[in-house]
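Below are the chains, spelled out letter by letter.
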Amino acid sequence: MDATHLLKIGAELGEGPVWIDGALWFVDIKGRHIYRHRPDTAETDRWDAPEMVGWVLPSAKGDLIAGLQSGPHRFSPETGTFETISEVDAHLPANRLNDAAVDARGRIFFGTMDNDEASASGRVYVLDGGVVHETPVTPTEITNGPAIAPCGRRLYHVDTLARTIVAHAIAEDGSLGPAEPFLAFTGDEGHPDGAICDAEGGVWVGFYGGWAARRFSPAGELTEEVRFPVANVTKVALGGADGRTAFATTARQGLDAAALAAQPLAGDVFTFRVTVPAAPAVRANS
């Protein structure tokens, strides 16, 4: 299957696609932009963030939670304002927030990383009821995902540079069990990037430098592969009226002039159809 071009964005580092109330939201981390695209009207809106922004997720309070470089913030699309919820990694000014997911109880699990991709200073935290807690996930250079199974009891953590994905059990109180190996990839497949779970617990992974997004069963078997005309596929979201429309962000980051000339759609948003729909949406409890 091949992905179809949807939106001309030209993002330096497109990321964080998520379907919220009939619209696709996503970010350009390095461009410091938040986007909302409404497929029913073909309108795309943009907000400028005060810092690099890794993701936006819906809150039960009716607004959005945005993962800015310094920590999670409350974001109001109506006013374009940001309010700090908590600072994270304040002692590591080169770190930023990178990716996130909401579990069945509304907790946001999110990762940090060294923006220079050189130090293993990236940690996974959980935002629960407005309070940030550390988790025991092994520090890495680039954290991605996490993806959370629809049952709410399994978290997948992506170590992008190591090209591995591990699974952690999620206890009732949100604590995580020890890491269990799930998937490992070769250089030919690219680097695993953002990950999500669908309604059957399948794991969709974007591959940076891999020209593809791939779906794996909960047992780790490859079930689907979607090819792209650009190398850096960062993350997939599932949405649309029936939950079976996939949206994927991509990136221009790291491409030289020759590569950009050969990939004029790099940094844009793509779409394709899937068989298994999105998992039920959950709003953050913060």
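Scroll up for the structure.
Residues numbered from 1 in each chain as written. Predicted model: local features only at pLDDT ≥ 70, side-chain atom pairs only at ≥ 80, totals over all residues. Heavy atoms only, no water.

(A) Fine view of the overall build of the chain. Looking only at helices and strands, the chain features 1 helix and 24 strands. For the chain, the C-alpha radius of gyration of 17 Å lies close to 19 Å, the compact-globule estimate for 286 residues. In terms of overall dimensions, the chain has a C-alpha envelope of 45 × 45 × 40 Å along the principal axes. Burial statistics for the chain: of 286 residues in total, 56% are counted as buried. Long-range pairs, those at least 24 residues apart, make up 45% of the contacts in the chain between residues at least 6 apart in sequence. Only carbon and sulfur atoms are counted for the fraction: they give 50% of the accessible area of the chain, which is about 11,200 Å². Of the charged side chains in the chain, 23 are positive and 38 negative; the average position of the first set lies 3 Å away from that of the second. (Helix = DSSP H or I, 4+ residues; strand = E, 2+ residues; numbered from the N terminus. Rg over C-alpha atoms; globule rule 2.2 N^0.38 Å. Buried < 20%, exposed > 50% of the residue type's maximum accessible area, 1.4 Å probe, protein only. Contact = heavy atoms within 4.5 Å. Areas by Shrake-Rupley, 256 points an atom, 1.4 Å probe, with all protein chains shown as cover. Lys, Arg positive; Asp, Glu negative; His and termini not counted. Charge placed at Lys NZ, Arg CZ, Asp CG, Glu CD.)

(B) Representation of the nonpolar core. By size, the foremost hydrophobic cluster in this structure holds 31 residues, and its most contacted members are Trp-25, Ile-34, Trp-55, Ile-108 and Phe-110. Core analysis: the next-biggest nonpolar cluster, separate from the first, contains 18 residues, Ile-196, Trp-204, Val-236 and Phe-272 among them. (Core = buried A, V, L, I, M, F, W, Y, C linked by side-chain atoms within 4.5 Å.)

(C) Focus on the packing of aromatic side chains. The final tally for this structure, using the stated rule, is 13 aromatic pairs. Relative to Phe-82, the ring of Phe-75 has its centre 4.7 Å away and its plane inclined at 20°; by these criteria the two rings are stacked. For Phe-75, a relative accessible area of 0% gives the class buried. On the basis of an interplanar angle of 85° and a centroid distance of 5.0 Å, the ring pair of Phe-185 and Phe-207 is categorised as edge-to-face. Placement of Phe-185 in the loop between strand S17 (180–184) and strand S18 (191–197) and of Phe-207 in strand S19 (residues 203–208) is noted, with a sequence separation of 22 residues between them. You can call Phe-207 buried: its relative accessible area is 0%. Site record: aromatic cluster; members linked through ring pairs are Trp-25, Trp-47, Phe-75 and Phe-82. When the ring centre of Phe-207 is taken as origin, the NZ or CZ atom of Arg-214, which lies over that ring, is 4.4 Å away. (Phe/Tyr/Trp six-rings, centres within 6.5 Å; stacked < 30°, edge-to-face > 60°. Lys NZ or Arg CZ within 6 Å of the ring centre and 35° of its normal.)

(D) Main features of the side chain of Gln-69. With respect to the helices and strands, Gln-69 occurs in the loop between strand S7 (64–68) and strand S8 (71–76). According to the relative accessible area criterion, Gln-69 is buried, its value standing at 18%. For Gln-69, the side chain forms a polar contact with the main-chain oxygen of Asn-95, separated by 3.2 Å. (Polar contact = N/O pair within 3.5 Å; in protein donor to acceptor, adjacent residues only side chain to side chain.)

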